[in-house]
Amino acid sequence: MKKGGFMLDVAAMAEVKQSYCIGVTGKELEFRAFRFAEGGLFMGDRPLGTVSADDINLEDKVLVGKGASGEVFYATLKGDGRPVAVKAIPISSKPHRDEVERELMFITSHGQPQCEHVIHSYGAWWEPAEQKVYMCMDYMSYSVQQISIFGEGMGEALVRDITKQAILGLRH
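Since the model is a prediction, treat every value here as computed from it, not as a measurement.

Enquirer: How would you summarise the overall build of the protein if you had to cite specific residues and measurements?
Expert: Counting its secondary structure elements, the protein contains four helices and ten strands. Listing the helices and strands of the protein from first to last along the sequence gives α-β-β-β-β-β-β-β-β-α-β-β-α-α. Looking at the 172 residues of the protein, the share that counts as buried comes to 29%. Here the contacts in the protein between residues at least 6 apart in sequence split such that 44% fall between residues at least 24 apart. Counting only carbon and sulfur atoms, one obtains 57% of the accessible surface of the protein, whose full area is about 11,600 Å².

Pasting the structure below:
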(Lines give C-alpha, C1' and ligand atoms only; values in the text may rest on other atoms or scores of the structure.)
Protein backbone atom coordinates (compact mmCIF):
# COMPACT_ATOMS: atom_id res chain seq x y z
CA MET A 1 0.00 0.00 0.00
CA LYS A 2 1.27 3.42 -0.96
CA LYS A 3 1.20 6.06 1.79
CA GLY A 4 1.53 9.80 1.32
CA GLY A 5 2.15 9.58 -2.45
CA PHE A 6 5.80 8.51 -2.15
CA MET A 7 7.15 5.07 -2.93
CA LEU A 8 10.82 4.07 -3.10
CA ASP A 9 11.67 2.27 -6.34
CA VAL A 10 14.15 -0.34 -5.08
CA ALA A 11 14.73 -1.76 -8.57
CA ALA A 12 15.78 1.64 -9.88
CA MET A 13 18.12 2.10 -6.89
CA ALA A 14 19.80 -1.23 -7.64
CA GLU A 15 20.66 -0.02 -11.16
CA VAL A 16 22.52 3.06 -9.90
CA LYS A 17 26.24 2.38 -10.20
CA GLN A 18 28.72 3.84 -7.73
CA SER A 19 30.61 6.79 -9.22
CA TYR A 20 33.97 5.01 -9.04
CA CYS A 21 35.73 1.83 -7.97
CA ILE A 22 39.40 1.12 -7.26
CA GLY A 23 40.46 -2.38 -8.27
CA VAL A 24 41.57 -5.00 -5.76
CA THR A 25 45.26 -4.46 -6.61
CA GLY A 26 44.83 -0.68 -6.29
CA LYS A 27 46.25 -0.19 -9.79
CA GLU A 28 42.92 0.12 -11.63
CA LEU A 29 40.37 2.89 -11.34
CA GLU A 30 36.93 2.62 -12.88
CA PHE A 31 34.34 5.33 -13.40
CA ARG A 32 30.88 4.71 -14.84
CA ALA A 33 32.07 4.77 -18.46
CA PHE A 34 35.87 4.82 -18.17
CA ARG A 35 38.58 2.53 -16.87
CA PHE A 36 42.19 3.36 -16.03
CA ALA A 37 44.50 0.36 -16.15
CA GLU A 38 48.19 -0.37 -16.76
CA GLY A 39 47.76 0.35 -20.46
CA GLY A 40 46.17 3.78 -19.97
CA LEU A 41 42.59 4.99 -20.32
CA PHE A 42 39.84 2.80 -21.76
CA MET A 43 36.19 3.14 -22.69
CA GLY A 44 35.04 -0.45 -22.55
CA ASP A 45 37.89 -2.30 -24.27
CA ARG A 46 38.76 0.63 -26.55
CA PRO A 47 41.91 2.56 -25.57
CA LEU A 48 41.56 6.37 -25.47
CA GLY A 49 44.60 8.54 -26.12
CA THR A 50 48.18 7.67 -26.86
CA VAL A 51 50.14 9.40 -24.08
CA SER A 52 50.91 7.91 -20.67
CA ALA A 53 53.01 9.06 -17.72
CA ASP A 54 56.05 7.38 -19.32
CA ASP A 55 55.79 9.72 -22.33
CA ILE A 56 56.10 12.91 -20.26
CA ASN A 57 59.49 14.51 -19.64
CA LEU A 58 59.23 15.15 -15.90
CA GLU A 59 62.44 17.19 -15.86
CA ASP A 60 60.55 19.95 -17.72
CA LYS A 61 57.49 19.82 -15.42
CA VAL A 62 56.56 23.26 -14.02
CA LEU A 63 53.45 24.21 -12.05
CA VAL A 64 51.52 26.82 -14.08
CA GLY A 65 48.24 26.98 -12.19
CA LYS A 66 46.09 25.79 -9.31
CA GLY A 67 42.34 25.72 -9.10
CA ALA A 68 39.42 24.21 -7.28
CA SER A 69 39.75 20.91 -9.11
CA GLY A 70 43.52 20.46 -9.13
CA GLU A 71 46.79 21.65 -10.58
CA VAL A 72 48.06 22.23 -14.12
CA PHE A 73 51.67 21.66 -15.11
CA TYR A 74 53.68 22.59 -18.17
CA ALA A 75 55.70 19.65 -19.50
CA THR A 76 57.05 18.29 -22.76
CA LEU A 77 56.62 15.00 -24.55
CA LYS A 78 59.75 12.83 -24.61
CA GLY A 79 59.41 11.87 -28.27
CA ASP A 80 59.24 15.24 -29.99
CA GLY A 81 59.59 17.84 -27.21
CA ARG A 82 56.07 19.15 -27.87
CA PRO A 83 54.82 21.37 -25.01
CA VAL A 84 51.78 19.95 -23.20
CA ALA A 85 49.60 20.83 -20.26
CA VAL A 86 49.18 18.09 -17.67
CA LYS A 87 46.17 18.52 -15.39
CA ALA A 88 46.30 16.65 -12.06
CA ILE A 89 42.94 16.07 -10.38
CA PRO A 90 42.69 14.24 -7.05
CA ILE A 91 39.80 11.81 -6.71
CA SER A 92 39.52 12.37 -2.97
CA SER A 93 36.05 13.90 -3.19
CA LYS A 94 32.91 13.38 -5.25
CA PRO A 95 33.17 16.85 -6.89
CA HIS A 96 36.70 15.98 -8.06
CA ARG A 97 35.57 12.60 -9.40
CA ASP A 98 32.65 14.29 -11.16
CA GLU A 99 35.11 16.79 -12.70
CA VAL A 100 37.28 13.95 -14.05
CA GLU A 101 34.28 12.16 -15.48
CA ARG A 102 32.87 15.36 -17.05
CA GLU A 103 36.16 16.14 -18.76
CA LEU A 104 36.55 12.58 -20.02
CA MET A 105 32.96 12.61 -21.33
CA PHE A 106 33.61 15.88 -23.16
CA ILE A 107 36.84 14.63 -24.71
CA THR A 108 35.36 11.34 -25.87
CA SER A 109 32.01 12.70 -27.05
CA HIS A 110 33.71 14.84 -29.68
CA GLY A 111 36.40 12.39 -30.68
CA GLN A 112 39.77 13.95 -31.27
CA PRO A 113 39.21 17.35 -32.82
CA GLN A 114 40.75 17.95 -36.21
CA CYS A 115 40.54 21.69 -35.72
CA GLU A 116 43.43 23.97 -34.80
CA HIS A 117 41.06 26.07 -32.66
CA VAL A 118 40.13 23.22 -30.28
CA ILE A 119 42.44 21.84 -27.59
CA HIS A 120 43.60 18.31 -28.36
CA SER A 121 43.70 15.66 -25.65
CA TYR A 122 46.58 13.19 -25.79
CA GLY A 123 45.47 10.82 -23.07
CA ALA A 124 45.00 10.33 -19.35
CA TRP A 125 46.33 8.05 -16.66
CA TRP A 126 45.80 7.14 -13.03
CA GLU A 127 48.52 7.40 -10.37
CA PRO A 128 47.38 5.11 -7.52
CA ALA A 129 50.04 6.25 -5.05
CA GLU A 130 48.93 9.88 -5.42
CA GLN A 131 45.21 9.12 -5.82
CA LYS A 132 45.15 11.47 -8.83
CA VAL A 133 44.09 11.31 -12.44
CA TYR A 134 46.36 13.08 -14.91
CA MET A 135 45.11 14.43 -18.25
CA CYS A 136 47.52 15.50 -20.99
CA MET A 137 46.42 18.11 -23.54
CA ASP A 138 47.68 20.91 -25.77
CA TYR A 139 49.50 23.65 -23.91
CA MET A 140 48.28 27.20 -24.46
CA SER A 141 51.15 29.65 -23.97
CA TYR A 142 48.98 32.48 -22.70
CA SER A 143 45.48 33.09 -21.43
CA VAL A 144 43.39 35.99 -22.73
CA GLN A 145 43.91 37.70 -19.37
CA GLN A 146 47.71 37.39 -19.69
CA ILE A 147 47.63 38.75 -23.25
CA SER A 148 45.66 41.78 -22.07
CA ILE A 149 48.13 42.43 -19.22
CA PHE A 150 51.33 41.89 -21.22
CA GLY A 151 50.00 43.76 -24.23
CA GLU A 152 48.80 46.67 -22.08
CA GLY A 153 45.22 46.09 -23.13
CA MET A 154 43.85 44.44 -26.22
CA GLY A 155 43.49 46.29 -29.45
CA GLU A 156 40.62 45.77 -31.85
CA ALA A 157 42.63 43.47 -34.14
CA LEU A 158 43.61 41.17 -31.25
CA VAL A 159 40.03 41.01 -29.94
CA ARG A 160 38.86 40.21 -33.47
CA ASP A 161 41.41 37.38 -33.86
CA ILE A 162 40.63 35.84 -30.47
CA THR A 163 36.88 36.04 -31.13
CA LYS A 164 37.31 34.46 -34.56
CA GLN A 165 39.32 31.55 -33.14
CA ALA A 166 36.78 30.98 -30.35
CA ILE A 167 33.89 30.95 -32.85
CA LEU A 168 35.72 28.58 -35.19
CA GLY A 169 36.40 26.25 -32.26
CA LEU A 170 32.76 26.34 -31.17
CA ARG A 171 31.60 25.78 -34.74
CA HIS A 172 33.72 22.68 -35.00
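Enquirer: Any details on the sheet that holds strand 10 (residues 132–138)? Residues and values, ideally.
Expert: In space, the five strands of this open sheet follow the order 6-7-8-10-9, with antiparallel pairing throughout. Each edge of the open sheet is held by one strand with a lone partner, namely strand 6 (56–67) and strand 9 (121–127). Taking the axes of each pair of neighbouring strands and ignoring which way they run, one obtains an average angle of 25° across the sheet. For strand 6 and strand 7 (residues 70–77), the ladder comprises seven bridges, and the chain directions are antiparallel. Residue pairing in the sheet places Asn57 in a bridge with Thr76 of strand 7.

Enquirer: So what about the sheet that holds strand 2 (residues 29–31)? Which residues, and what values?
Expert: If you trace the five strands from one edge of the open sheet to the other, you get 1-2-3-4-5, paired in antiparallel fashion. Of all strands in the sheet, those bounded by a partner on one side alone are strand 1 (20–22) and strand 5 (46–48). Neighbour-to-neighbour, the strand axes of this sheet turn through a mean angle of 25°, independent of strand direction. Relative to strand 3 (residues 35–37), strand 2 runs antiparallel, the two sharing two bridges. Paired with Glu30 across the bridge in strand 3 is Arg35.

Enquirer: Report on the pairing of strand 8 (residues 83–90), specifying residues and quantitative values.
Expert: Within strand 8, seven of the eight residues are buried, leaving the element largely enclosed by the surrounding structure. As judged from the six bridges shared by strand 7 and strand 8, these two strands associate in the antiparallel manner. Pairing of Ala75 across the sheet is with Val84, part of strand 8. Between strand 7 and strand 8, which pair antiparallel one after the other, the connecting turn spans five residues, and Gly81 there sits at a positive phi close to 75°. Relative to strand 10, strand 8 runs antiparallel, the two being bridged by seven bridges. What sits directly across from Pro90, in strand 10, is Lys132.

Enquirer: Summarise the pattern of salt bridges; cite the residues concerned and give the values.
Expert: The final tally for this structure, using the stated rule, is eight salt bridges. Here Lys132 makes a salt bridge to Glu71, at a shortest N to O gap of 3.8 Å. Of this pair, Lys132 sits in strand 10 while Glu71 sits in strand 7; the two residues are 61 residues apart in sequence, bridging distant segments of the chain. A salt bridge links Lys87 to Glu103; the nearest nitrogen and oxygen atoms lie 2.5 Å apart. Taken together, the residues span a long stretch of sequence, with Lys87 in strand 8 and Glu103 in helix 2 (residues 94–109) at a distance of 16 residues. Overall, Lys87 belongs to the buried group, its relative accessible area being 17%. A single salt-bridge network, built from bridges that share partners, covers Lys87, Glu99, Arg102 and Glu103.

Enquirer: Residue-level account of the side chain of Glu103, with values.
Expert: Looking at Glu103, the relative accessible area reads 16%, which means it is buried. Those residues within four positions of Glu103 in sequence are excluded, and the remaining contacts are Lys87, Ile89, Met135 and Met137.

Analysis parameters
Residues numbered from 1 in each chain as written. Predicted model: local features only at pLDDT ≥ 70, side-chain atom pairs only at ≥ 80, totals over all residues. Heavy atoms only, no water. Helix = DSSP H or I, 4+ residues; strand = E, 2+ residues; numbered from the N terminus. Buried < 20%, exposed > 50% of the residue type's maximum accessible area, 1.4 Å probe, protein only. Contact = heavy atoms within 4.5 Å. Areas by Shrake-Rupley, 256 points an atom, 1.4 Å probe, with all protein chains shown as cover. Pairing = 2+ DSSP bridges. Axes fitted to C-alpha atoms, helices over the stretch in contact; angles between N-to-C directions. Salt bridge = Lys/Arg side-chain N within 4 Å of Asp/Glu carboxyl O.

The values are spatial; any link to function lies outside them.
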